[in-house]
Amino acid sequence: MARKTIKVDSLARVEGDGGLQVLMRDGALESAQLRIFEPPRFFEALLRGRHFSEAPDITARICGICPVAYQMSAIHAMENALGVQIDGAVRELRRLLYCGEWISSHVLHIVMLHAPDFLGCQSAIELAREHAPLLQQGLELKKVGNQIVAVLAGRAIHPINVRIGGFYRVPTKNEVRELRAPVTAAREAALELVRWSATLPYPDFERDYTFVALRHPQEYPLNSGRIVSNRGLDITADEYESCFEECQVHHSSALHCHLDGATYLTGPLARYTLNSDRLSPIAREAAASAGLGPVCRNPYRSIMVRCIEVLYACDEALRIITAYEPPPRCTVPLEPRAARACAATEAPRGLLYHRYTLDGDGIIQAARIVAPTSQNQGSIEADLAEFLRGHLSLPQFELRQHCEHLVRNHDPCISCAAHFLKLEVLSR
Amino acid sequence: MSNSCVIVGIGNPARGDDAAGHEVLARLRGRVGHSTVLLEHDGNMMDLLTVLQNVRDVTLIDVCVSGAPAGTILRFDAARPLPAELRTHSTHGLGLGAAVELARALQVLPPRCIVYLIEGTGFALGERPSQAVQAAIGALAQALAAQLGAVHA
């Protein structure tokens, strides 16, 4: 019985450290496991005993790429607990803030992490040498995303101006108006990016995913909506834990989440497939022109969907900026009360669920956070298994490249889920 | 900022030896001319790339862990490629070296770019820099002040 080991000590261009082990026995695939060995950071335990008002600042520290998503899920859950509904200009500002994060996070992944896979480059540095205009365009777009977040939230990373009930300070009309020119230019750049994404070579690979995303009656989902799937699921965030179950697996320090015992996918592919009719006209037309139908099951095309979502986020940001009138109050009064409440929002990588229990003084008694990567791990492993079954005869180097690309299709944020990917292929 | 000399102190001032870049800037304040801009930076290397795009003369000060004795000061002139060991692979850890090489590939690397790295050992939250790193901070600040004084005299 031959034994073969392929080991990649440093799979680049993923956010965080983790590993991948592919086990083959007698030439057949036995298992493909995404191994996250970064130790848990115990954020849920850190939140216990803290005042409800501290949750946005604590949860923002979970991720340097998508802190707004963590803040927003925490804020909506707390506001649900306290019986507060926020609308009007403050709700619009939150949506604008989320647009800023989507632009920044998506463009980082599209240009720096994912594009090298399609263009045959080994790194962003090589990409910069051979495709400098693309990288420059990406950097400009990312700068605009950061600028939106900084204007609304005090700074681009780990925002500090967001609070339960609203903001500590809302921007003046002039401050928001100054975003108009850069966001208008960003929308043009995003349209170019969609056209560029249509020229990439996409492998013919599809899977029949169970897609899970938020769905809102009118909007492409960011902050709110019901949790739906393409298999008939339609629930509120309060019902999440009755359908979704996290379990521990021996090969990963991140929990795996299942829907009715099976893997499912959140993130751009799911959001787009379940909500393409909610895109703005410019984004919908761009998707059609790029050859993207209303349903996308090819994970490689996630780069194209991210480009569409960047375009949408720029367009939506521009709509909010144009209509902005500062609200009369930047926050609403809050009365602590004993409650248990949940919320889910759409982080760039997918659905992000938070649940909190508060006592009568507003002290957090329990917290639960389910990150998108925890939910997507099973689907990433299933993608790998399906691909490997048909391609085990490929040379090892090529096989490894394909596996890395498959993982990057889903932009996993390993740090959020529990960092560096190692690929190990064992043949027994 | 484009015609200025910019000194960027990189790191997290609340994490022990990682505060070294910021501490060097603190000791240079009041000792350098108006044409020198002192810029504190949190270590987000994508944003550092934006800084590099807009200057002609930059000095970058950061902390490294290379296994050398604590407080060792390393100096690199980015006129030549930085050692590969300074580049890391994940986006969370897009290193100083990667940011400089990215700027070079994009042809936006400032004509003069000097990198100083101080060897650190302790990065606990709320801790002050270790004695060895404090000594290195003082020595580097002194050397840079003297150098800038000589250049701008």
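Before reading further, recall that the structure is shown in the block above.
As the structure is a prediction and not an experimental result, all values here were calculated from the model.

Asker: Just to check I follow, could you spell out the overall build of chain B for this structure?
Answerer: When its secondary structure is counted, chain B shows four helices and five strands. Counting only residues that meet the buried cut, chain B has 44% of its 153 residues in that class.

Asker: Just to check I follow, could you spell out the packing of helix α3 (residues 67-82) of chain A against helix α4 (residues 88-119) of chain A for this structure?
Answerer: Between two packed helices, the angle of one axis relative to the other and the distance separating the axes together describe the packing. All names here are of chain A. Close contact between α3 and α4 brings their axes to 9 Å; oriented N to C, the two are set at 150°. By the angle between their directions, the pair α3 and α4 is classed as roughly antiparallel. The interaxial crossing formed by α3 with α4 has left-handed handedness. Along its contact with α3, which presents Val-68, Ala-69 and Met-72, the element α4 presents Arg-94, Leu-97, Tyr-98 and Glu-101. For the contact of α3 with α4, the per-class residue count stands at five nonpolar, no polar and two charged.

Asker: Explain the sheet that holds strand β1 (residues 5-10) of chain B to me, please; I cannot follow it from the model alone.
Answerer: Whenever strands of a sheet pair, they do so through backbone hydrogen bonds, lying parallel or antiparallel. Residue and element names in this part refer to chain B. The five strands are arranged β2-β1-β3-β5-β4 in an open sheet whose pairing can be described as mixed. Each edge of the open sheet carries a strand with a single partner, namely β2 (36-41) and β4 (73-77). Going across the sheet, the axis of each strand differs from the next one's by a mean of 20°, ignoring polarity. With eight bridges connecting them, strand β3 (residues 57-64) and strand β5 (residues 112-119) associate as parallel partners. When the sheet's bridge partners are listed, Asp-57 is paired in β5 with Arg-112. The strands that helix α1 (residues 20-28) touches are β1, β2, β3 and β5; relative to β1, the one it contacts most, it runs at about 135°.

Asker: Could you clarify how one ought to interpret helix α11 (residues 281-289) of chain A in this entry?
Answerer: Helical geometry note: an α-helix holds 3.6 residues per turn, so side chains three or four residues apart project in the same direction. Residues and elements named next belong to chain A. Considered for burial, the residues of α11 that qualify are Ala-283, Ala-286 and Ala-287. Taken around the axis of α11, the buried residues stretch over an arc of 100°, which confines them to a single face. Opposite the buried face of α11, by more than 90 degrees, sit the exposed residues Pro-281, Ala-288 and Ser-289. Buried residues in α11 make contact with α8 (180-197) and α12 (302-323).

About the cut-offs
For every chain, the first residue of the written sequence is number 1, and numbering continues from 1 onward in sequence order. To label them, take the chains in the order written and letter them from A, then take the ligands in the order written and number them from 1. Reporting in this predicted model follows two pLDDT cut-offs: at least 70 for local features of residues, and 80 or more for side-chain atom pairs to be given and counted; totals over whole chains, interfaces and linings ignore these cut-offs and use all residues. Secondary structure elements follow DSSP: runs of H or I of four or more residues count as helices, runs of E of two or more count as strands, with numbering from the N terminus. Whether a residue is buried, exposed or partly exposed follows from its count of other C-beta atoms within 10 Å of its own C-beta, namely 20 or more, 12 or fewer, or something in between, respectively; the C-beta atoms are built from the backbone. For helices, the fitted line uses only the C-alpha atoms of the stretch in contact; every axis is such a line through C-alpha atoms, and the angle between N-to-C directions lies from 0 to 180 degrees. Any angle that falls under 35 degrees is termed roughly parallel, while one over 145 is termed roughly antiparallel, one within 65 to 115 roughly perpendicular, and all others oblique. Definitions for this section: a left-handed crossing has its near helix turned counterclockwise from the far helix by less than a right angle. A right-handed crossing has that turn clockwise. A pair of residues counts as a contact when their C-beta atoms, built from backbone coordinates, are within 7 Å of each other. Following the grouping adopted for this structure description, the nonpolar residues are Ala, Val, Leu, Ile, Met, Phe, Trp, Tyr, Cys and Pro, the charged ones are Asp, Glu, Lys and Arg, and the polar ones are all others, Gly among them. Two strands make a pair as long as DSSP finds a minimum of two bridges between them. As used here, the arc is the angular range of directions from the helix axis to the C-beta atoms.

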